[in-house]
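Examination of the molecular architecture
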Amino acid sequence: MEYELNDLVEMKKAHPCKKSKYWQIIRMGADIRIKCQGCGASVLFSRRDFEKRLKKVVKHGGEEHV
Ligand SMILES: [Zn+2]
């Protein structure tokens with residue numbers, strides 16, 4: 001699955017706040033930081049863990065895939 005900085009993604013697990021099931025990719029390097037769209041909390045994953053937990057890319061380069 002392809003993903004880029006600023007993409008909106010859905011993970012297999014929603015954030016415990018339950019306000020939103022979507023996350024935005026806010027930093028991409030060796031690690032990936034995503035931000036909960038419900039409460040703004042951010043979580044850091046290694047690329048490998050991120051890919052394991054990624055369910056789908058909801059918005060990629062301006063195109064919606066909902
Ligand atoms: Zn949250």
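These notes cover the structure that comes with them. All figures in this text were calculated on a predicted structure; none of them were measured in a lab.

Let us now look at the overall build of the protein. Scanning the protein for helices and strands turns up 1 helix and 6 strands. In the protein, the succession of helices and strands from N to C terminus is β-β-β-β-α-β-β. If one aligns the C-alpha atoms of the protein with their principal axes, the spans along those axes are about 25 × 25 × 20 Å. Within the protein, contacts between residues separated by at least 24 positions form 36% of all contacts whose residues are at least 6 apart in sequence. When the accessible surface of the protein is split by element, carbon and sulfur atoms take 46% of a total near 4400 Å². Each charge class in the protein was averaged separately, 15 positive and 9 negative side chains, and the resulting centres sit 10 Å apart.

Bridging between strand β1 (residues 8-11) and strand β2 (residues 22-28) involves 3 bridges; their strand directions are antiparallel. If you follow Glu10 over to β2, its bridge partner there is Tyr22. Relative to strand β3 (residues 31-36), β2 runs antiparallel, the two sharing 5 bridges. Bridge pairing in β3 places Arg27 opposite Arg33. In textbook terms, the turn of a hairpin is the stretch between consecutive antiparallel strands, and for β2 and β3 this stretch comprises 2 residues.

Here we come to the coordination of the zinc ion. Listed as protein donors to the zinc ion are His15 (ND1), Cys17 (SG), Cys36 (SG) and Cys39 (SG); their distances from the metal cover 2.2 to 2.4 Å. Around the zinc ion sit 4 donor atoms, and with donor-metal-donor angles ranging over 101 to 120 degrees the site reads as tetrahedral. Within one chain, the residues serving as donors to the zinc ion are arranged as H-x1-C-x18-C-x2-C.

The subject of this paragraph is the packing of aromatic side chains. Counting across every chain of the model gives 1 aromatic pair. Taking the centre distance of 4.9 Å and the plane angle of 65 degrees together, the rings of Tyr3 and Phe50 count as edge-to-face. Note that Tyr3 is positioned in the segment before β1 and Phe50 in helix α1 (residues 47-53), a separation of 47 residues in sequence.

How each quantity is defined
- Per chain, residue numbering runs from 1 following the sequence as it is written.
- At least 70 in pLDDT is required for a residue's local features to be given in this predicted model, at least 80 for side-chain atom pairs to be given and counted, and no such filter applies to totals for whole chains, interfaces and linings, which use all residues.
- Calculation of side-chain values draws on the structure's entire complement of heavy atoms; hydrogens and water are dropped beforehand.
- Each helix is a run of DSSP H or I of at least 4 residues and each strand a run of E of at least 2, with the numbering of both proceeding from the N terminus.
- Two residues qualify as a contact provided that any one of their heavy atoms is within 4.5 Å of a heavy atom in the partner residue.
- Accessibility throughout is a Shrake-Rupley quantity obtained with a 1.4 Å probe, and a residue counts as covered only by protein chains that appear here.
- Charged residues are defined narrowly, with Lys and Arg counted positive, Asp and Glu counted negative, and His plus the chain ends left uncounted.
- Throughout, a charge is located at the NZ atom of Lys, the CZ atom of Arg, the CG atom of Asp or the CD atom of Glu.
- A pair of strands is considered paired only if DSSP assigns at least 2 bridges between the two.
- Distances decide who is a donor: an N, O or S atom must be within 2.8 Å of the metal, or within 3.2 Å for Na, K and Ca. Water is not included, so sites may look incomplete.
- Irregular is the label for any site that misses the other tests, which are tetrahedral for four donors with all angles between 85 and 135 degrees, and square planar for four donors or octahedral for six when opposite donors exceed 155 degrees and the remaining angles lie between 65 and 115.
- Only centres within 6.5 Å qualify two rings of Phe, Tyr or Trp (six-membered ring in Trp) as a pair; their planes then separate them into stacked at under 30 degrees, edge-to-face at over 60, and tilted for everything else.

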